[in-house]
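These are the residues of each chain, in order.
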Amino acid sequence: MNVYTFFTTHGAEIFSTTLQHMELVAIAMVIAVAVAVPLGILVVERPGLRTVALGAASVFQTIPSLALFGFLIPIPYIGGIGERTAVVALVLYALLPILRNTYVGLTEIDPAVLEAATAMGMTPWQVMWRVRLPLALSFILAGIRTATVITIGVATIAAAIGAGGLGTFIFRGVAMVSDAVILAGAIPAALLALVADGLLALLEKRLRVS
Amino acid sequence: MPTQSQVPANANIQFNEVTYGVHGTPARVSRPSGQLSDSGAKNYDSSAIGEADGRPNGVFSKNSTQRVLVSNISLTISAGETMVLLGRSGSGKTTLLRLINRMLTPTSGSVLVKGRATTEWDPIELRRSIGYVIQEAGLFPHFTVAENIALVPTLDKWDAARISARVAEMLKLVGLDGGDFASRYPRELSGGQRQRVGVARALAADPEILLMDEPFGALDPVTRAELQREFAELAKRLKKTIVFVTHDLREALLLASRIVLLQNGKIVANDTPLNFMKLQHPEVQAFAASLGDIRAGNGAGAVR
């Protein structure tokens, strides 16, 4: 069976699996952004928390993805078989790029600008919301972009713990020793990553303040 | 107010035996929060101090635990005068400036602004009532020129009509009226234009006091001379209390009603420009010498 025939005969299944994959990634990214961006803001003035947060996020990234999915299965509430566990793992993976870029974006601002902001009588809150965040936005978005691309790839492994997604085809193809089936998962996943990367790059460019 | 009685009637800013030092070796990033909690303004100062450490403000030996940036400063700055704080890099002049708007608080002694110790002021209220211009202007790159100038009025919630009228007035004041300057971003301006916007922004809320930290230091010599001349005119008209930091004696002589010379965190001279040049202090002489070379035109190029 060649790739083309598989795509034509299994088109509907590939489409719905791709949608499921996107859903998995989208949920994980929303949660990761909701956690990592505020955390990045918090650590700007808190070196202790910064060390802990960046350290933990780095550690998650070093755990091989397949192992991380496996580790999570026996954990109550967040673990088990299925989508929920997969989302937890994907969030843990996505944290570091977003957190690090948020922190770097918020701190790598011309000191003269921050000096002026404070000296003109902005409160720390106003300095954050009116100066630091707007200037860090393209940085933060770059982090989200990196994290999204990584997550789309890592999410294929989620099929190993029964979370579905495009990994389903890849694992099935490996078991069947069928390139066509593997590619039915790999090609849409690669396309998703490229499209997400392109769209987010575009948005990032638009928000950049030179 | 108990502190009021000690202050001369026309004093706008007064330093009473002010010493400012920092504990520990200069740390920028990994500074423990609350390192200077004795300042009593931790929330606001914590961000400011990080930047202070980046500036070569003071004398310090590498292993000392206390780095004294200015020591035992007593100084009265009267309403309406332009006081120039002159000194080499690291002499403490910027530190003195930052003590006025409570970007720093004294380790000992007190700084009175309009008769009230800076530590008794709400730092936000104090800073909004004081104009501040720094080198490279420190304009917000994501704000237009108009939005930059409108900063303090916006923070103080003026109504929109009043703000736009004030912005137009300020643009005119600094010679940026006509053209589309208001809607431009700082990156679309020349260095001199940016600095003009910096001055306009500082004056927008009509503060009594204006602090300027080497505002023209980063400009090319021709533009600098231009802005110095214009600003000297402006200062005369505005009648603000101006504290101006520079290491350029020429600039000091042009702008000052009084020159205060700092060396190693101490005041070594305090006089009118006219008398200043006659002082015998070696540091005054050193500054005067730098000027003399230029006047005599005795550089290598002048010799045929």
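What counts and what doesn't
- Residues numbered from 1 in each chain as written.
- Chains lettered and ligands numbered in written order.
- Predicted model: local features only at pLDDT ≥ 70, side-chain atom pairs only at ≥ 80, totals over all residues.
- Helix = DSSP H or I, 4+ residues; strand = E, 2+ residues; numbered from the N terminus.
- Buried ≥ 20, exposed ≤ 12 C-beta atoms within 10 Å, placed from the backbone.
- Pairing = 2+ DSSP bridges.
- Right-handed = clockwise from strand over helix to strand, strands pointing away.
- Expected span 1.5 Å × (residues − 1).
- Arc of directions from axis to C-beta.
- Contact = placed C-beta atoms within 7 Å.
- Axes fitted to C-alpha atoms, helices over the stretch in contact; angles between N-to-C directions.

### Here's the deal with unusual backbone geometry
Reasoning step 1: The phi dihedral of A:Tyr77 is positive, around 70°, even though this residue is not glycine.
Reasoning step 2: Position of A:Tyr77 among the secondary structure elements: in the loop between α4 (65-72) and α5 (83-107).
Reasoning step 3: The backbone of B:Asp206 sits at a positive phi, close to 55°, despite the residue not being glycine.
Reasoning step 4: If you trace the backbone, B:Asp206 turns up in the loop between α7 (191-203) and β7 (209-213).

### Overview of the pairing of strand β8 (residues 241-246) of chain B
Side-chain positions along a regular strand alternate between the two faces of the sheet.
Residue and element names in this part refer to chain B.
Reasoning step 1: Of all six residues that make up β8, six are buried, and the element is covered over most of its length.
Reasoning step 2: Burial of β8 is two-sided: the residues Thr 241, Val 243 and Val 245 facing one way and the residues Ile 242, Phe 244 and Thr 246 facing the other way are all buried.
Reasoning step 3: Here strand β3 (residues 82-87) runs beside β8; their pairing, made up of five bridges, is parallel. Residue pairing for β8: Met 83 is matched across the bridge by Val 243.
Reasoning step 4: Where the polypeptide runs from β7 across helix α8 (residues 221-238) and back to β8, its parallel neighbour, the crossover connection is right-handed.

### Here we look at helix α3 (residues 47-62) of chain A
All names here are of chain A.
Reasoning step 1: Here α3 contains 16 residues, and its C-alpha end-to-end distance of 22 Å stays within 8% of the 22 Å for a straight helix at 1.5 Å per residue.
Reasoning step 2: Listing the buried residues of α3 in full gives Arg 50, Ala 53 and Ala 57. The buried residues of α3 occupy one face: seen down the axis, they fall within an arc of 80°. Exposed and facing more than 90 degrees away from the buried side of α3 are Gly 48, Thr 51, Val 52, Gly 55, Val 59 and Thr 62.
Reasoning step 3: Tucked inside the fold, the buried residues of α3 contact α2 (11-43) and α5.

### Some details on the sheet that holds strand β6 (residues 130-134) of chain B
All names here are of chain B.
Reasoning step 1: Overall, mixed pairing links the six strands, which are arranged β6-β7-β8-β3-β9-β10 in an open sheet. The outermost strands of the open sheet, each flanked by one partner alone, are β6 and β10 (266-271). Taken pair by pair, the neighbouring strands of this sheet meet at an average axis angle of 15°, ignoring direction.
Reasoning step 2: In the packing of helix α2 (residues 93-100) onto the sheet, the strands contacted are β3, β6, β7, β8 and β9 (258-263), and the crossing angle to β8 comes to about 150°.
Reasoning step 3: Packed on one face of the sheet, α7 meets β6 and β7 and runs near 165° to β6.

### Some remarks on the pairing of β7(B)
Residue and element names in this part refer to chain B.
Reasoning step 1: Counting buried residues along β7, five of its five residues qualify, which places the element largely inside the surrounding structure.
Reasoning step 2: Burial along β7 is two-sided: Ile 209, Leu 211 and Asp 213 and Leu 210 and Met 212, pointing in opposite directions, are all buried.
Reasoning step 3: When β6 meets β7, the two strands line up parallel, connected through five bridges. Bridge pairing links Gly 131 to Leu 210 in β7.

### Quick notes on the environment of B:Arg196
Residue and element names in this part refer to chain B.
Reasoning step 1: Summarising the element assignment, Arg 196 is placed in helix α7.
Reasoning step 2: Taking the C-beta count within 10 Å as the criterion, Arg 196 has 25 such neighbours and is therefore assigned buried.
Reasoning step 3: A C-alpha to C-alpha distance of 15 Å links Arg 196 and Val 222, two positions 26 residues apart in sequence.
Reasoning step 4: Residues in contact with Arg 196, not counting those within four places in the same chain, are Val 174, Gly 175 and Leu 176.

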